[in-house]
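# Coordinates in review
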Amino acid sequence: MKRIFTLIVSLIVAAIAFGQHFTPADEGSEIGFKIRNFGVNVSGSFKGLQGKIIFFPDSLSASHFDVTIDVKTINTGIDQRDNHLRSEDYFEAEKYPDIHFVSTQVTTSTSKEYLFVFGKLTIKDVTKEVSFPFKATPKENDFLFEGEFTLNRRDYNVGGGSISMGDNVRLNLKVLAKSEK
């Protein structure tokens, strides 16, 4: 019995140690957002995706996401607006250069197409719990993770009391994770 237990523990440790480790790739990924400003939808994106992803499709409890994006890369297509978004009025990019997400749990969902991730999102000096459905699509040795969710910008002290800008921001995530093997 002791040998069987040792074998099982060894297999679990090996699976974790030699599991599917990925690095999010900026090239091939899209971190997009939409928000209403003066009654018009404004779209933008971020780059500078970095971090570590451990993903086991058959063992979601061992999966983990720890990723950041570079706030200074914000791009709405208008330089003056982008510079304003980097300022103290919005993201304070000099003081808070990254937006950071760390998962706390990955589970199945009610839909066979989707999984569900729970985690902590930090923007500026505020960390909040978030959760959202996502798809995990194998791409040869890599994975493409796609999901979307809405958050309230005021929860993260972004944009202060602006009345011309909507409170809800729709985030669209398309993260290409490259295998480290």
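Our subject in this report is the structure included herewith. (Residues numbered from 1 in each chain as written. Predicted model: local features only at pLDDT ≥ 70, side-chain atom pairs only at ≥ 80, totals over all residues. Heavy atoms only, no water.)

### A look at the pairing of strand β6 (residues 126-139)
Two elements, strand β5 (residues 115-123) and β6, share nine bridges in a ladder whose sense is antiparallel. Considered in β6, the bridge of Lys120 is made with Glu129. What sits between the antiparallel neighbours β5 and β6 is a turn of two residues, in which Lys124 has the positive phi angle 60 degrees. Of the pairings in the sheet, the one linking β6 to strand β7 (residues 142-152) comprises six bridges and is antiparallel in character. Each residue of the ladder has a partner; that of Lys139, found in β7, is Asp142. Counted along the chain from β6 to the antiparallel partner β7, the turn is two residues long, and its residue Glu140 has a positive phi close to 55 degrees. (Pairing = 2+ DSSP bridges. Helix = DSSP H or I, 4+ residues; strand = E, 2+ residues; numbered from the N terminus.)

### Describing the pattern of salt bridges
This model, assessed by the stated rule, comprises ten salt bridges. Where Arg170 meets Glu148, a salt bridge forms, and the shortest distance between an N and an O atom there is 2.5 Å. Separated by 22 residues along the polypeptide, Arg170 in strand β8 (residues 168-179) and Glu148 in strand β7 bring together distant segments of the chain. What emerges from the salt-bridge pattern is a single network uniting Arg153, Arg154 and Asp167. (Salt bridge = Lys/Arg side-chain N within 4 Å of Asp/Glu carboxyl O.)

### Re the packing of aromatic side chains
Centre distance and the angle of the planes are the two values used to describe a pair of aromatic rings. Throughout the structure, instances matching the rule amount to twelve aromatic pairs. Seen in terms of ring centroids, Phe46 and Phe91 are 5.9 Å apart; in terms of plane orientation they differ by 85 degrees. Their pairing is edge-to-face. You can see Phe46 sitting in strand β2 (residues 40-54) and its partner Phe91 sitting in the loop between α2 (79-86) and β4 (98-108), a full 45 residues away along the chain. On the accessibility criterion, Phe91 (11% relative accessible area) is buried. Aromatic pair Phe143 and Phe145: ring centres 5.7 Å apart, planes at 15 degrees, arrangement stacked. Both residues of the pair, Phe143 and Phe145, belong to the buried class. Through pairs of rings, three or more aromatic residues link up here, namely Phe22, Phe55, Phe65, Phe134, Phe143 and Phe145. (Phe/Tyr/Trp six-rings, centres within 6.5 Å; stacked < 30°, edge-to-face > 60°. Buried < 20%, exposed > 50% of the residue type's maximum accessible area, 1.4 Å probe, protein only.)

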